[in-house]
Amino acid sequence: MLRKLVQYGKGYLKIHVSGYFAERFLNGCSHKKIRLWDLKPVPGGYEMCITISGFRKLKPIIRKTGTKVVIVKRSGLPFLLFKYRKRRLFFAGSLLFVLLIFLMSRHIWSIEFSGNQSYTDDTLLKFLQTKDVHAGMAGSDVDCAGIAADIREAYHDIVWVSASVDGTRLKIRLKENDDRLLDDDKDKNEAPENTPAPTDLVADMDGTIRAITPREGVVLVQEGSEVKKGDLLVSGQVPVRNDQQEVTGYQYHQADAQILAEVSTSYQDEMDLFYIKKDYDLVKKREVFLQVGPWRLTFGSIRNSYDYWTMEGYEKELFGNMHFPWKVSYGSRTASPYHASREKYATERIRQVLSTRFERYKEDLEKKGVEIIENDVKIYTESETAVADGRLLILTPIGVSRPSQLLEVQTAEEENEAGE
């Protein structure tokens, strides 16, 4: 990067060398210690980059080897200055801009707070204004120790303050009295914890139970039994029985178990058979810009009459840690024209894309603990689309929690009354 900056500052030329003894020309430059770079063969000879001072030493080498040297491109700051040598206002404006940036970088343009919970940023900013601390003040006038002392003196529940300057930003970090915050939430902290409500485990899909590992609650299904979506698998209400095996009450739990079921599920994926092919032209439109707040200075233009074209570019802030009233950034945009044509994917490409998606789908299932037992997915081609369609037989965990419907215990008298 540094070498490129030096090359641009001194200026360099891109030249084309042709003739029967172009290789002797290169050997002569090496003997004279003339630096060449970006050397590449082209039809009719070679192209390479050379410094301005090195180009001035080529005359005896050209005469001795009988080669022909043509300047293809001039690059670098000397040529740029020569090109715009008559635009005095442009250079004066650039100098004024640099001077303005330098002067603005010596002021504070942003004040940021962190750690404040009871006091808003606006409240603290208004207090600092009474102490002549505000956005736009000179950085040399900022007394970080004095700002910290003033805030601690004005707000007794702030126990620690730190102030520092970062570029054009004043950072103030605070720490408030935690005991006061705890007192405010005392009633909340003393509130007793709520007892978790009982829940059941119900089936979230149709399937055949293959394995059960109970953890909490009463299991109501067996291995090999078929279940439908919504069927109760594990109850969170455990009955309490007396010596006569009569239910005298219930203990409430949050039902939990690992239940594996064999489930048949469908799979379908679709993709278009055609795509838009873009053949880009060599010509491009490029624009370089400098943005200062709402004002933008541009060099070049991306205006065009292309039927189809794409836009690409970037934008970066000129000063990373400098916070000015306006955003200062630079960047570029490039418009690339292309010819669009509707092309059809090759059959092998279609199978590759759909197969890759299906493999990714199977990997996602495996991450969820799902095992594929049978695979009956096939690829079908239609007029405009290709479809991967079929069914999978999987071994998957089933069961979702649902609030229990509390059961009531009937006494012997209540049962007799119900029988009458």
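Residues numbered from 1 in each chain as written. Predicted model: local features only at pLDDT ≥ 70, side-chain atom pairs only at ≥ 80, totals over all residues. Heavy atoms only, no water.

Section: the confidence of the model for the protein
With 90% of its residues at a pLDDT of at least 70, the protein reaches an overall mean of 85. Considering only residues more than four positions removed or in separate chains, one finds that residues 185–193, a stretch of pLDDT under 50, has zero contacts. (pLDDT = per-residue confidence, 0-100. Contact = heavy atoms within 4.5 Å.)

Concerning the nonpolar core
Counting residues in hydrophobic clusters, the biggest one holds 27 residues, and the most contacted among them are I209, V227, L233, V234, I259 and I398. Elements that contribute at least two residues to this core include exactly strand 9 (207–216), strand 12 (232–235), strand 15 (256–272), helix 11 (347–367) and strand 22 (385–398). It is strand 15 that contributes the most residues to this core, six residues altogether. Sequence-distant contacts of I398, that is, excluding residues within four places in its chain, are made with A203, D204, M205, I209, V227, L233, I259, A261 and V263. (Core = buried A, V, L, I, M, F, W, Y, C linked by side-chain atoms within 4.5 Å. Buried < 20%, exposed > 50% of the residue type's maximum accessible area, 1.4 Å probe, protein only. Helix = DSSP H or I, 4+ residues; strand = E, 2+ residues; numbered from the N terminus.)

Some remarks on the sheet that holds strand 23 (residues 400–403)
Strand order across the open sheet formed by four strands is 10-12-8-23, with antiparallel pairing between neighbours. Unpaired on one side and paired on the other, strand 10 (218–219) and strand 23 mark the two borders of the sheet. Sheet topology places strand 10 next to strand 12; two bridges connect them, and they run antiparallel. Within strand 12, the residue paired with V219 across the bridge is V234. (Pairing = 2+ DSSP bridges.)

Some words on the layout of surface pockets
Empty space within the largest pocket amounts to approximately 1100 Å³. Around the largest pocket sit 31 residues that line it, and F90, V288, L290, L297 and F299 are the ones nearest its centre. Within the residue set of the lining of the largest pocket, elements represented by two or more residues are helix 5 (77–83), helix 6 (88–104), strand 17 (285–292), strand 18 (295–300) and strand 20 (328–344). The dominant element in the lining of the largest pocket, judged by the number of residues it contributes, is helix 6, at ten residues. When its residues are assigned to classes, the lining of the largest pocket shows 26 nonpolar, three polar and two charged. (1 Å grid on protein atoms, 1.4 Å probe; cavity = no way out; pocket = protein on both sides within 12 Å on 5 of 7 lines; lining within 4 Å. Points joined across faces, edges and corners; volume = space filled by probe spheres on them. Nonpolar A, V, L, I, M, F, W, Y, C, P; charged D, E, K, R; others polar.)

A look at the packing of aromatic side chains
Evaluation of the coordinates by the stated rule reveals nine aromatic pairs. Ring geometry for Y267 and F358: centres 5.0 Å apart, planes at 65 degrees, overall edge-to-face. Here F358 lies in helix 11 and Y267 lies in strand 15, a separation of 91 residues in the sequence. In this structure, Y267 and F358 share a single accessibility class: buried. With a centroid separation of 4.8 Å and an interplanar angle of 45 degrees, the aromatic rings of Y267 and Y361 are classed as tilted. Of this pair, Y267 sits in strand 15 while Y361 sits in helix 11, and the two are 94 residues apart along the sequence. A relative accessible area of 8% means that Y267 is categorised as buried. Looking at Y361, the relative accessible area reads 26%, which means it is partly exposed. Taken together through their ring pairs, the aromatic side chains of Y119, F127 and Y155 make up a single cluster. Sitting above the plane of the F21 ring, R24 keeps its charged end 5.6 Å from the centroid. (Phe/Tyr/Trp six-rings, centres within 6.5 Å; stacked < 30°, edge-to-face > 60°. Lys NZ or Arg CZ within 6 Å of the ring centre and 35° of its normal.)

Observations concerning the pairing of strand 20
In this sheet, strand 20 lies alongside strand 16 (residues 274–280) in antiparallel orientation, the contact comprising seven bridges. From the neighbouring strand, K277 faces strand 20, where its bridge partner is S341. Sheet topology places strand 17 next to strand 20; eight bridges connect them, and they run antiparallel. In the sheet register, K285 faces strand 20, and the bridge partner there is A335.

Comments concerning the environment of T168
Position of T168 relative to the elements: it lies in the loop between strand 6 (158–166) and strand 7 (169–176). With relative accessibility at 0%, the residue T168 sits in the buried group.

Description of the sheet that holds strand 15
Here we have five strands laid out as an open sheet, ordered 11-9-15-22-21, and antiparallel in their pairing. Every other strand in the sheet has two partners, leaving strand 11 (226–227) and strand 21 (371–381) as the edge strands with one partner each. Across 14 bridges, the pairing between strand 15 and strand 22 is antiparallel. Residue L260 lies in a different strand from strand 22, and its bridge partner there is P397. Across the sheet, helix 11 is in contact with strand 15, strand 21 and strand 22; its angle to strand 15 comes to roughly 165 degrees. (Axes fitted to C-alpha atoms, helices over the stretch in contact; angles between N-to-C directions.)

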